[in-house]
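# Structural overview for review
Residue-level listing of the chains:
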Protein chains: 2
Amino acid sequence: MPLSHVRDSIHQMAGYVPGEQLNDPSVVKLNTNENPYPPSPRVFEAVRAALTGDRLRKYPSPMGDSFRQAAGRVLDIDPDSILIGNGSDDILTILTRTFVPERGKIVSPTPSYILYRSLAEIQGANFEMVPFTPEWMPPKPWPIRDANITFFPNPNSPSGTALRAAELERLAREVGGPFVLDEAYGDFAEENGLKLVGKVPNVIITRSFSKFYALAGIRFGFAVADPPVVHELLKVKDSYNCDVLSLAAATAAIEDQDYYADLRSRILASRGRLTVGLTELGFRVTPSQANFVWCRHEKPLKPIYESLKERKILIRYMNYTGYGDGLRITVGTPAEVDRLLMELRKVV
Amino acid sequence: MPLSHVRDSIHQMAGYVPGEQLNDPSVVKLNTNENPYPPSPRVFEAVRAALTGDRLRKYPSPMGDSFRQAAGRVLDIDPDSILIGNGSDDILTILTRTFVPERGKIVSPTPSYILYRSLAEIQGANFEMVPFTPEWMPPKPWPIRDANITFFPNPNSPSGTALRAAELERLAREVGGPFVLDEAYGDFAEENGLKLVGKVPNVIITRSFSKFYALAGIRFGFAVADPPVVHELLKVKDSYNCDVLSLAAATAAIEDQDYYADLRSRILASRGRLTVGLTELGFRVTPSQANFVWCRHEKPLKPIYESLKERKILIRYMNYTGYGDGLRITVGTPAEVDRLLMELRKVV
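In this report, the structure presented in the accompanying data block is examined. (Residues numbered from 1 in each chain as written. Chains lettered and ligands numbered in written order. Predicted model: local features only at pLDDT ≥ 70, side-chain atom pairs only at ≥ 80, totals over all residues. Heavy atoms only, no water.)

On to the overall build of chain A. Each helix and strand counted, chain A has 12 helices and 13 strands in total. Whereas a compact globule of 348 residues would reach a radius of gyration of roughly 20 Å, chain A reaches 20 Å, a difference of no more than 12%. Principal axes of the C-alpha set define a box for chain A whose edges measure 55 × 55 × 50 Å. Looking at chain A residue by residue over its 348 residues, the buried ones come to 64%. Long-range contacts, defined here as pairs at least 24 residues apart, represent 72% of the contacts in chain A between residues at least 6 apart. Here chain A has roughly 12600 Å² of accessible surface; of this, 51% comes from carbon and sulfur atoms. (Helix = DSSP H or I, 4+ residues; strand = E, 2+ residues; numbered from the N terminus. Rg over C-alpha atoms; globule rule 2.2 N^0.38 Å. Buried < 20%, exposed > 50% of the residue type's maximum accessible area, 1.4 Å probe, protein only. Contact = heavy atoms within 4.5 Å. Areas by Shrake-Rupley, 256 points an atom, 1.4 Å probe, with all protein chains shown as cover.)

Pasting the structure below:
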């Protein structure tokens, strides 16, 4: 009977379907853009140190003070401009609830992260998409300026393409309303928008620990915004949205930049190998600034995805209205890239 | 500038203020109803076992399958009736977003958990309170039947009082709309409402791991509802709302019922000592079925709270419109109870 009380916007929505999470360890998992390498050894030390009865039985720090101090130091920003989240999806939800009323408007480019539509549906808001140009650039001028939130992922998924900071600044000024630069993959890119916070008043940045920091398992992300905006966002977040072990892990990770600079080099090198290998097999690969590549082929793509799945390699097949389909492939280890290319040679 | 785009309902709200979390280990912390004992040793083993590079770098199970299987077995319920949450506050948020439209109505008894008001404000909904009788019973008949959600905590905070299952059933049928039985403290009570799920169609139960399971630090809670209702709630929750270490901890905890039955006995014994001690000092103590007690005194209460704070004992001073004030004191260890009573003897 509570079923009849479910809000229409919820009842009618299909629900966001995340990429498949298989438990089979023999599967090569290149479908959800996880880091193929383990997190920093310091993460393990920090979690073990936090694993005490007293820490577990007590509530964690509501604001994540230690993390904010560490991130502020590493990124050279004001700790008061940081809001912690239970994954960057939590941050995107908090932003939506802060800025978007029922029947409000959420805008994102397309093809892009499909969660933005779900966020609009859950909030009972309208969702409008602005098609990228064929070169994965935003149209000039940006056509919608009355959105309650404009989500702009940079680098974008599924394309892996990224705008330069100067272009981001121009776009942010053009959009006008709250402009959320979703930098879930920002640490892999050549440039990011961090310096725009405070400089361009409507810019809010979101970051994830699930990709670059190899910590998808612990759910951590954060936002960077002007401190008075953070003050409003705080009212919307759950008081204790991040747990004591995740906070310990994230703090240790962001402090070990040397370790992650090394992972980044390795992933960018693998991305190069993957791009060359796919191109040799006739794929048209979009130049990527993220830890995945987007590619298309003259042959039908869905059977390629399915054949790979039969061969225990999971990638992502995506199909966007008004654009068409493509394959999004996470950059794995060199061995995983070789295995993928070997199987693709049989399949294509 | 995004400030001017913040929704009015958010901008105007004060924000929920959680109990103070002090880092000073010399403070006796009896203000946020944490368990004074550490969690089960099995929790530590389970977290250590989950602490691998592969588990950390990959996304966790979206549904928390292992936890749902374990909880289903322990509680003798259908695993498909369980929804996992990042603390029971996450569950309360998911329920609010599923059932309550903007300008909808949330109802709870008063004095009660003040987060319900914040949930209404964040959602842009109206909040109405139904006063308990002087005996902490709901009025008969329950006066509001058109709420989008009625939150009813049992045991209630701050009173610690609880209705019996038969009374809960009568109340649930009377309320009509979605009736959320918030059993954050349910494991300490003599009876609970679990058997009402499925029997009374509008009942949804929420549980927390922050109190009984001594795991406030890891943020875990769950809801029990009819599976078709869970299907709707799933659309609203973040795909990966619980992390791999919290899931491991919660699963190990719920499987170790023997350990927690022992903690429960100890806490109920301390609660008895605390109740007697406070009564001897002239406090009127409400008989509690939770891990805290609610008390009042003929002397002004706020100075008592403040004097205790100076003496490094934190309790909760609360003041409710239309009811007045009182002190909520968490049941600590026997040593903590003795220390509290010793200081109170000087203060009162």
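The rest of the description comes next.
It is worth spelling out the packing of helix 5 (residues 88–99) of chain B against helix 8 (residues 227–236) of chain B at this point. Residues and elements named next belong to chain B. At a minimum axis separation of 9 Å, helix 5 and helix 8 run at an interaxial angle of 100°. Judged by the angle between their axes, helix 5 and helix 8 are roughly perpendicular. Touching Ile94, Leu95, Arg97, Thr98 and Phe99 of helix 5 are Val229, Glu232, Leu233 and Val236, all from helix 8. Grouping the amino acids of the contact of helix 5 with helix 8 by side-chain chemistry returns six nonpolar, one polar and two charged. (Axes fitted to C-alpha atoms, helices over the stretch in contact; angles between N-to-C directions. Parallel < 35°, antiparallel > 145°, perpendicular 65-115°, else oblique. Nonpolar A, V, L, I, M, F, W, Y, C, P; charged D, E, K, R; others polar.)

For these two chains of identical sequence, chain B goes onto chain A by a turn of 180° and a shift of 0.0 Å along the axis, with RMSD 0.0 Å. Here the copies are linked by what is in effect a two-fold axis. Taking C-alpha positions as reference, the residue of chain B nearest the rotation axis is B:Glu102, located at 3.2 Å. Comparing contact sets, 99% of the residues at the interface of chain B also lie at the interface in chain A, consistent with an isologous, same-surface contact. (Least-squares fit on C-alpha atoms with pLDDT ≥ 70 in both.)

Let us look at helix 5 (residues 88–99) of chain A. Between the first and last C-alpha of helix 5 of chain A there are 17 Å, a value that for 12 residues agrees with the 16 Å anticipated at 1.5 Å per step. Of all 12 residues in helix 5 of chain A, 12 are buried; the element is thus mostly enclosed. (Expected span 1.5 Å × (residues − 1).)

Another point: the interface of chain B and chain A. One frequently used descriptor of interface size is the decrease in accessible area upon assembly of the parts. Listed as interface residues are 78 residues of chain B and, on the opposing side, 77 residues of chain A. Across the chain B/chain A interface, buried area totals approximately 6700 Å², and carbon plus sulfur atoms make up 60% of it. If you look at where chain B meets chain A, you find zero salt bridges. The interface formed by chain B and chain A holds 37 residue pairs in polar contact (both at pLDDT 80 or more) in total. Looking at the side of chain B that touches chain A, the elements that each hand over two or more residues are helix 1 (8–12), helix 2 (41–50), helix 3 (53–57), helix 5, helix 6 (115–123), helix 8 and helix 9 (244–255) of chain B. Here the side of chain B that touches chain A is built from residues that sort into 39 nonpolar, 21 polar and 18 charged. (Buried area = accessible area lost by both parts, 1.4 Å probe. Salt bridge = Lys/Arg side-chain N within 4 Å of Asp/Glu carboxyl O. Polar contact = N/O pair within 3.5 Å; in protein donor to acceptor, adjacent residues only side chain to side chain.)

Summed over all chains, the structure comprises 46 salt bridges over all chains. A:Asp256 is paired through a salt bridge with A:Arg42; the nearest N and O atoms lie 3.8 Å apart. Of the two residues, A:Asp256 sits in the loop between helix 9 (244–255) and helix 10 (257–280) while A:Arg42 sits in helix 2 (residues 41–50), which places them 214 residues apart along the sequence. Exposure remark for A:Arg42: the relative accessible area of 39% places this residue in the partly exposed category. Between B:Asp146 and B:Lys105 there is a salt bridge, with its nearest N and O atoms 2.9 Å apart. Placement of the pair is B:Asp146 in the loop between strand 4 (126–131) and strand 5 (149–153) and B:Lys105 in strand 3 (residues 105–110), with a sequence separation of 41 residues. When salt bridges that share partners are traced, they join A:Arg311, A:Arg339, A:Glu343 and A:Lys346 into one network.

Residues and elements named next belong to chain A. As summarised here, the arrangement of the seven strands in space is 2-8-7-6-5-3-4, forming an open sheet in which the pairing is mixed. The two strands at the open ends of the sheet, each matched to only one other strand, are strand 2 (82–85) and strand 4 (126–131). On average, adjacent strands in this sheet sit at an angle of 25° to one another, irrespective of strand direction. In this sheet, strand 8 (residues 221–224) lies alongside strand 7 (residues 203–208) in antiparallel orientation, the contact comprising four bridges. When the bridges of strand 8 are listed, Ser208 appears paired with Gly221. Here helix 6 (residues 115–123) sits on the sheet and contacts strand 3 (105–110), strand 4, strand 5 (149–153) and strand 6 (179–183); the angle it forms with strand 4, its principal contact strand, is near 155°. (Pairing = 2+ DSSP bridges.)

Attention shifts here to unusual backbone geometry. All names here are of chain B. Put simply, Lys140 and Pro141 share a cis peptide bond, and its omega is -5°. Turning to its location among the elements, Pro141 is positioned in the loop between strand 4 and strand 5. For the bond from Ser157 to Pro158, the omega torsion is 20°, close enough to zero to count as cis. Along the chain, Pro158 turns up in the loop between strand 5 and helix 7 (165–175). In this structure, Asp76 takes a positive phi of about 60° despite not being glycine. Along the chain, the position of Asp76 falls in the loop between helix 4 (65–75) and strand 2 (82–85). Positive phi is not limited to glycine here, since Arg219 has a value of about 55°. Examined against the element boundaries, Arg219 turns out to sit in the loop between strand 7 (203–208) and strand 8 (221–224).

So, on to the packing of aromatic side chains. All names here are of chain A. This structure, assessed with the given rule, holds 48 aromatic pairs over all chains. Judged by centre distance (5.8 Å) and plane angle (70°), the rings of Phe67 and Phe209 are edge-to-face. Here the residue Phe67 occupies a position in helix 4 (residues 65–75), and Phe209 occupies one in the loop between strand 7 and strand 8, the gap between them amounting to 142 residues. Taken as a pair, Phe67 and Phe209 share a single burial class, namely buried. What links up through ring pairs into an aromatic cluster is the set Phe67, Phe188, Phe209, Phe212, Tyr213, Phe220, Phe222, Tyr259 and Tyr260. Arg328 extends its terminal NZ or CZ atom over the ring of Phe292, reaching a point 5.5 Å from the ring centre. (Phe/Tyr/Trp six-rings, centres within 6.5 Å; stacked < 30°, edge-to-face > 60°. Lys NZ or Arg CZ within 6 Å of the ring centre and 35° of its normal.)

For the rest of this paragraph, the subject is the environment of B:His231. All names here are of chain B. Take His231: it is sitting in helix 8. Classification of His231 by relative accessible area gives partly exposed; the value is 48%. Distance in space between the C-alpha atoms of His231 and Phe127 is 26 Å, their sequence separation being 104 residues.

This part covers the sheet that holds strand 6 (residues 179–183) of chain B. Residue and element names in this part refer to chain B. Across the sheet, which stays open at both edges, the seven strands sit in the order 2-8-7-6-5-3-4 with mixed pairing between neighbours. The open sheet has two edge strands, strand 2 and strand 4, and neither has a second partner. Averaged over neighbouring strand pairs, the angle between their axes works out to 25° when direction is ignored.

This is a description of form; function is not addressed.
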